[in-house]
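One letter stands for each residue in the lines below.
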Amino acid sequence: MFKLWTLILLALVVFISSCASAPTPSATESSKPTTPLTSTGGVAVAPQTAPDDEAWAKVIQEAKREGQVLIYYFSFAGDVGLAVSKAFRDKYGIKAEIVAGTSPVMLERIRSEYRAKQFTTDVADMSPARILSLKDDKLSLSIKGLPALRDKTGWYTHPLDMDPEGYTLNYSPTVSTPYINTTLVKPGEEPQSWLDLLQPRWKGKVMVGDPGVYVGTTYIYYGLVRKSKRLNEDYFRQLGGQISKFVPGSARDQALVLVRGEGPINISVSTAGSASLLAEGAPIRAISLKEGWGSNPAVALAMLSNAPHPNAARLFLNWFLSAEGMKVFAQSASQITYRSDVPDFLPNAARVDPSTAINLDLKDLDESNALYNAGYLTKLWKGDAGK
């Protein structure tokens, strides 16, 4: 019996000693983060760099070796191009040369380059219709795999929702609505409805973008009549009798005629043409008519199929479509983008009632462009307006 108790006591001593010698983790040690492990074939291993990340790191490396990217940039020239170019160069040390011009001119330059097999341009920034024509002519590439496009959070409307194939990357909408010259139209005298424009007091005072050369007018018609059915064909036929001037030229030209006081109202003005003028204090203002206003993709990007600096082109596109790049663009251009994580920089005088928006998509633009190419509104208004 004595031997049995002796053995039990010895075992107890050994057990207590072993417990006392085991180190207790300190609070600091227990709170240290550990490397996450993943299981591969039953063996725990540390996670490896994602292949996509490795591939993109090589794109950045090669882009820096290429050293430059050439962009045909139609939408906003001057200070906007300078701001975009500087921000990209400051971040990556790569020169972004921006050549500004209208969409038709830029498109013809690109086609001339490809006919001559003298490839100089990497990226095109033009109206969605012109960008789509690049795809149809096999002059552009799909770039839907850009890292900036992987996550759909941070977007009101994601570019790949508009073009899942990734040839046309729409990044900024325009808002089209009638504008008034605030020195010619007194407060309280503004029309409240599109129907008000048929009143005798507006006869011979309504300007409109020439529907033969300015497609934005057709977009307005399509949204109000074909898309939303808030107005009808007969309304636009009657409106033709009120028109004082068909304004040729660009979106900016539509706003400039108002700034110069050539008339009290132009129904074809958009934020694409008015924002920079409003930022300079122009005496014009958007008005919200109760039947609504139109919004459509205004500008889009494409990478050209024979870009001489393909990696720098991809890097520029990825940066420009990121929140960082979009903020540089929006702030310098006083514009809006499709990114929800980028502030709206529109001047107050360009703002309209959001509840009456008529949003056009790319299919709507295709149908509108077909009407434009057929001269539909010109024919509709010819008998009434005699212009």
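Quick caveat: nothing in here was measured; it's all calculated off a predicted structure.

**Q** Can you walk me through the overall build of the chain in this structure?
**A** A tally of regular secondary structure across the chain gives 15 helices and 14 strands. The buried share of the chain, taken over its 387 residues, is 47%. If you take every contact in the chain between residues at least 6 apart in sequence, the share linking residues at least 24 apart comes to 77%.

**Q** Before we go on, may I ask you to explain the nonpolar core in this structure?
**A** Within soluble globular proteins, side chains that are nonpolar generally end up buried alongside one another. Judged by nonpolar contacts, the single largest core of 73 residues is most densely connected at Leu197, Phe236 and Phe320. Take this core: its biggest share by element is eight residues, from helix H12 (residues 310-321). Leu277, Ala282, Leu346 and Ala350 belong to the second-largest nonpolar core, a separate cluster that totals 18 residues.

**Q** What exactly am I supposed to notice about the pairing of strand S9 (residues 206-209) here?
**A** Consecutive residues of a regular strand have side chains that alternate between opposite faces of the sheet. Burial of the side chains of S9 extends over both faces: Val206 and Val208 are buried on one face and Met207 and Gly209 on the other. Note: S9 against strand S10 (residues 243-247), four bridges, orientation parallel. By the bridge assignment, Gly209 is partnered in S10 with Val247. Sheet topology note: the S9/strand S11 (residues 265-266) ladder contains two bridges and is parallel. Across the sheet, residue Val206 finds its bridge partner in S11, namely Ile265.

**Q** Before we go on, may I ask you to explain unusual backbone geometry in this structure?
**A** Phi is mostly negative for residues that are not glycine, and the peptide bonds are mostly trans. Although it is not a glycine, Lys138 sits at a positive phi angle of roughly 60°. Within the secondary structure, Lys138 is located in the loop between helix H6 (128-136) and strand S6 (140-141). Here Lys229, not a glycine, exhibits a phi torsion of approximately 60°, which is positive.

**Q** What is the right way to look at the packing of aromatic side chains in this model?
**A** The relative placement of two aromatic rings is captured by the distance of their centres and the angle of their planes. A full pass over the atoms with the stated rule returns 15 aromatic pairs. Here the aromatic rings of Tyr221 and Tyr376 are separated by 5.6 Å at their centres, their planes lie at 35°, and the arrangement is tilted. Here Tyr221 is found in helix H8 (residues 216-227), whereas its partner Tyr376 is found in helix H15 (residues 376-385), with 155 residues between them in sequence. The class of Tyr221 is buried, set by a relative accessible area of 0%. Using a relative accessible area of 26% as the deciding quantity, one classes Tyr376 as partly exposed. Their ring planes at 45° and their centres at 6.1 Å tell us that Phe316 and Trp319 sit as a pair that is tilted. Of the two residues, Phe316 and Trp319 both sit in helix H12, three residues apart, roughly one turn of that helix.

**Q** Looking at this model, I keep getting lost on the packing of helix H4 (residues 79-92) against helix H13 (residues 323-333). Mind explaining?
**A** Two quantities define a packed helix pair, namely the angle between the axes and the distance from one axis to the other. Between H4 and H13, the shortest axis-to-axis distance is 9 Å and the interhelical angle comes to 155°. As far as their axial angle goes, H13 and H4 are roughly antiparallel. Of the two elements, H4 crosses H13, and the hand of that crossing is right-handed. Contacts between H4 and H13 involve Val80, Ala83, Val84, Ala87 and Lys91 from the first element and Glu324, Val328, Phe329, Ser332 and Ala333 from the second. Among the residues making up the contact of H4 with H13, the classes are represented as seven nonpolar, one polar and two charged.

**Q** Looking at this structure, how should I read helix H5 (residues 103-116)?
**A** Helix length check: H5 (14 residues) gives 20 Å between terminal C-alpha atoms against 20 Å at 1.5 Å per residue, within 8%. Buried within H5 are the following residues: Ser103, Met106, Leu107, Ile110, Glu113 and Tyr114. One side of H5 holds all its buried residues, which, seen down the axis, span an arc of 120°. Against strand S3 (68-73), strand S4 (95-100), strand S5 (123-126), H6 and strand S13 (293-304) lie the buried residues of H5. Phi for Lys117, located one or two positions after H5, is positive at around 55°.

**Q** I'm lost on the packing of H8 against helix H14 (residues 362-373) in this one. Help?
**A** Look at H8 against H14: their axes get within 10 Å of each other, and the N-to-C directions meet at 115°. Crossing handedness for the pair H8 and H14: right-handed. Residues Thr218, Tyr219, Tyr221, Tyr222, Arg226 and Lys227 of H8 lie in contact with H14, whose contacting residues are Asp364, Leu365, Glu367, Ser368, Asn369, Leu371 and Tyr372. Its residues placed into classes, the contact of H8 with H14 shows six nonpolar, three polar and four charged.

**Q** It is not clear to me how the confidence of the model for the chain should be interpreted in this structure. Could you clarify?
**A** Any segment with low pLDDT has predicted coordinates that should not be analysed in fine detail. This prediction gives the chain a mean pLDDT of 85; 85% of its residues lie at or above 70. A low-confidence stretch, residues 1-51 stays under pLDDT 50, and its non-local contacts, those more than four residues away or across chains, total 14 contacts.

**Q** Just checking my understanding: could you explain the side chain of Glu113 for this structure?
**A** By the element assignment, Glu113 lies in helix H5. Despite its burial, Glu113 pairs with no opposite charge, the nearest such side chain being Arg109 at 7.2 Å. The residues contacting Glu113, other than those within four sequence positions of it, are Tyr72, Gln118, Phe119, Thr120 and Thr121.

Quick notes on the rules
Residues numbered from 1 in each chain as written. Predicted model: local features only at pLDDT ≥ 70, side-chain atom pairs only at ≥ 80, totals over all residues. Heavy atoms only, no water. Helix = DSSP H or I, 4+ residues; strand = E, 2+ residues; numbered from the N terminus. Buried < 20%, exposed > 50% of the residue type's maximum accessible area, 1.4 Å probe, protein only. Contact = heavy atoms within 4.5 Å. Core = buried A, V, L, I, M, F, W, Y, C linked by side-chain atoms within 4.5 Å. Pairing = 2+ DSSP bridges. Phe/Tyr/Trp six-rings, centres within 6.5 Å; stacked < 30°, edge-to-face > 60°. Axes fitted to C-alpha atoms, helices over the stretch in contact; angles between N-to-C directions. Parallel < 35°, antiparallel > 145°, perpendicular 65-115°, else oblique. Left-handed = near helix turned anticlockwise from the far one by under 90°. Nonpolar A, V, L, I, M, F, W, Y, C, P; charged D, E, K, R; others polar. Expected span 1.5 Å × (residues − 1). Arc of directions from axis to C-beta. pLDDT = per-residue confidence, 0-100. Lys, Arg positive; Asp, Glu negative; His and termini not counted. Salt bridge = Lys/Arg side-chain N within 4 Å of Asp/Glu carboxyl O.

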